[in-house]
Amino acid sequence: MNILAFESSCDETAAAVVRDGRQVLSDVIASQADMHAIYGGVVPEIASRKHVEAIAGLADAALQKAGLQRRDIDAVAVTYGPGLIGAVLVGVNFAKSVAYGLGVPLIPVHHVRGHISANYIAHLDLEPPFVCLCVSGGTTLIVDVKDYTKMRVLGATRDDAAGECFDKVARVLGIGYPGGAPMDRLSRGGDDKKYTFPSVHVHDAPMDMSFSGLKTAAINLIHNAQQKGEKLDLPSLAASFAGAVSDMLVPRVMEAARLCRYRKVAVAGGVAANSRIRGDLEKACAQAGMELYLPPLSLCGDNGAMIGCQAYYEYLAGKRGGLDLNAYANLDIEKG
Ligand code: KG4
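Residues numbered from 1 in each chain as written. Predicted model: local features only at pLDDT ≥ 70, side-chain atom pairs only at ≥ 80, totals over all residues. Heavy atoms only, no water.

### So, the overall build of the chain
On a plain count of helices and strands, the chain comes out with 10 helices and 10 strands. The principal-axis extents of the C-alpha atoms in the chain amount to approximately 65 × 45 × 35 Å. Within the chain, buried positions represent 55% of all 336 residues. Across the chain, the centroid of the 33 positively charged side chains sits 1 Å from that of the 36 negatively charged ones. (Helix = DSSP H or I, 4+ residues; strand = E, 2+ residues; numbered from the N terminus. Buried < 20%, exposed > 50% of the residue type's maximum accessible area, 1.4 Å probe, protein only. Lys, Arg positive; Asp, Glu negative; His and termini not counted. Charge placed at Lys NZ, Arg CZ, Asp CG, Glu CD.)

Put into structure tokens, the structure is as follows:
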């Protein structure tokens with residue numbers, strides 16, 4: 001079954017053709033990151049306009065790269081939330097018209113379920129159940145992936161997402177947008193014990209997380225130093241900050257896997273590219289005798305292949321979208 005999939009929830013327009021869930025025939029992406037970098041963050045209206053400009057060309061490119069004709073497509077899939085509403089709407093409307101034009105089913109896909117699926121593409125042996133740490137610019141969740149389309153949220157951030165935290169601190173440091181990857185590069189060779197950041201525990205919800213205090217502490221530290229004319233050790237600041245974020249995430253996901261009695265842990269989303277978090281998870285899983293599944297860096301960020309993969313399993317579970325399918329800024333991963 002060949003699925004033509006679209007993703008447009010934030011600042012990447014993406015299209016892919018995926019066969020039978022795990023075989024990626026093509027995966028093309030048009031990133032708008034440079035466009036938003038001058039503003040230090042995504043400007044929703046610009047994002048929507050750029051998706052409109054890019055999406056038709058990407059659909060053709062995805063078919064061409066896959067070596068397929070339109071008649072070879074068996075279904076169309078699209079991210080229908082969560083995300084920037086105008087941006088998601090572009091993908092949903094385009095996918096609806098393509099599915100209608102081709103006379104094939106339309107499959108709506110939850111964006112974060114798609115991120116989890118990136119692991120199925122990278123690890124052909126991976127099957128649920130497992131626990132997945134979903135960390136991106138807009139989401140931080142610990143999810144019990146009971147089956148391909150059955151999920152339960154075990155823990156969630158109470159405020160900022162982990163990626164947002166990296167982005168905001170990077171913005172104050174003036175090292176670029178999106179800030180996660182430059183922060184990661186900056187941290188190399190830094191002393192991760194040099195600066196201390198608050199460690200937060202949510203009362204009565206041990207799996208929940210909070211990043212706003214951590215973000216504010218880092219920003220205050222930078223502003224105080226600037227006001228006093230003090231020079232900060234930036235690699236050590238970045239390393240200490242990454243360590244604090246990792247300390248919020250890694251023990252919780254390990255505890256979640258233990259409570260679920262699973263032997264498998266996966267990671268998903270843009271922040272899954274972070275070297276400190278990947279390293280800490282490798283150590284923790286090795287120590288606990290658990291199998292760790294990390295997506296390659298190319299599949300951590302937003303892409304169409306992950307949507308095409310998850311769509312296959314949603315299709316098998318009977319999910320379809322009609323021409324009245326809407327886009328959603330917020331969408332519950334459990335309901336999908
Ligand atoms: O999954 P993604 O591409 O988009 C969303 O669905 O949000 O994630 C983007 C986020 C951004 O916040 C970006 O700064 C962060 O992932 N990110 C990283 C790294 N690479 C990307 N954060 C930490 N370390 C990285 N190496």
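Now that the structure has been shown, we can carry on.
### Considering the sheet that holds strand β3 (residues 23-31)
Taken in spatial order, the five strands make up an open sheet running β3-β2-β1-β4-β5, and their pairing is mixed. Two strands bound the open sheet, and with one partner strand each, they are β3 and β5 (106-110). Strand-to-strand twist across the sheet, computed as the mean angle between neighbouring axes with direction ignored, equals 20°. Across six bridges, strand β1 (residues 2-7) lies against strand β2 (residues 12-19) in antiparallel orientation. Of the residues in β2, the one forming a bridge with A5 is A16. Packed on one face of the sheet, helix α2 (residues 44-66) meets β1, β2 and β3 and runs near 25° to β2. Relative to β1, helix α10 (residues 305-316) is tilted by about 125°, and along the sheet it contacts β1, β2, β3, β4 (75-81) and β5. (Pairing = 2+ DSSP bridges. Axes fitted to C-alpha atoms, helices over the stretch in contact; angles between N-to-C directions. Contact = heavy atoms within 4.5 Å.)

### What about the pattern of salt bridges?
Overall, the coordinates contain 16 salt bridges when judged by the stated rule. What you see here is one network of salt bridges that share partners, running through D192, K193, R276, D280 and K283. (Salt bridge = Lys/Arg side-chain N within 4 Å of Asp/Glu carboxyl O.)

### Considerations on the site of the ligand
In the region of the ligand, 21 residues are neighbours, and G137, D167, G180, D184 and G270 sit closest. Here S136 contributes a side-chain N or O atom positioned 3.4 Å from an oxygen atom of the ligand. G163 is positioned with one of its backbone polar atoms (N or O) 3.2 Å from an oxygen atom of the ligand. Across the complex, the protein chains shield 87% of the 560 Å² of accessible surface that the ligand would expose by itself. Secondary structure elements with two or more residues in the shell around the ligand: α4 (111-122), α5 (162-173) and α6 (180-186). (Near = heavy atom within 4 Å. Polar contact = N/O pair within 3.5 Å; in protein donor to acceptor, adjacent residues only side chain to side chain. Areas by Shrake-Rupley, 256 points an atom, 1.4 Å probe, with all protein chains shown as cover.)

### With respect to the domain arrangement of the chain
Parsing the chain into structural domains produces domain 1 (2-115 + 301-316) and domain 2 (128-298). With both chains or domains summed, domain 1 and domain 2 bury close to 1,200 Å², and 60% of this area falls on carbon and sulfur atoms. Seen at the junction of domain 1 and domain 2, the total is zero salt bridges. Put simply, domain 1 and domain 2 have five residue pairs in polar contact (both at pLDDT 80 or more) between them. For the side of domain 1 that touches domain 2, the elements supplying multiple residues, two or more each, are α1 (33-37), α4 and α10. Per-class residue counts for the side of domain 1 that touches domain 2 are six nonpolar, six polar and four charged. (Domains from an automatic or database assignment. Buried area = accessible area lost by both parts, 1.4 Å probe. Nonpolar A, V, L, I, M, F, W, Y, C, P; charged D, E, K, R; others polar.)

### Focus: the side chain of T157
Position of T157 relative to the elements: it lies in the loop between β8 (150-156) and α5. On the accessibility criterion, T157 (18% relative accessible area) is buried. Within polar-contact distance, the side chain of T157 engages the backbone nitrogen of D159 at 3.2 Å. Reaching out from T157, the side chain makes a polar contact with the backbone oxygen of D160 at a distance of 2.6 Å. Setting aside residues up to four positions removed in sequence, T157 forms contacts with T140, M209, S210 and F211.

### Some words on the pairing of β3
Each regular strand displays side chains that alternate between the two surfaces of the sheet. Here β2 pairs with β3 via eight bridges, running antiparallel. Within the sheet, the bridge partner assigned to T13 lies in β3 and is A30.

### Overview of the packing of α5 against helix α7 (residues 212-228)
α7 packs onto α5 with a crossing angle of 5° between their chain directions and a minimal axis gap of 9 Å. Taken as axis vectors, α5 and α7 run roughly parallel relative to one another. Between α5 and α7, the residues in contact are C165, K168, V169, V172 and L173 and K215, A218, I219, I222, H223 and Q226, respectively. When its residues are assigned to classes, the contact of α5 with α7 shows seven nonpolar, two polar and two charged. (Parallel < 35°, antiparallel > 145°, perpendicular 65-115°, else oblique.)

### Description of unusual backbone geometry
For the bond running from G81 to P82, omega is -10°, close enough to zero to count as cis. Of note, P82 is situated in the loop between β4 and α3 (85-102). Each neighbour pair has its own omega, and for Y177 with P178 the value is -10°, a cis peptide bond. By secondary structure assignment, the location of P178 is in the loop between α5 and α6.

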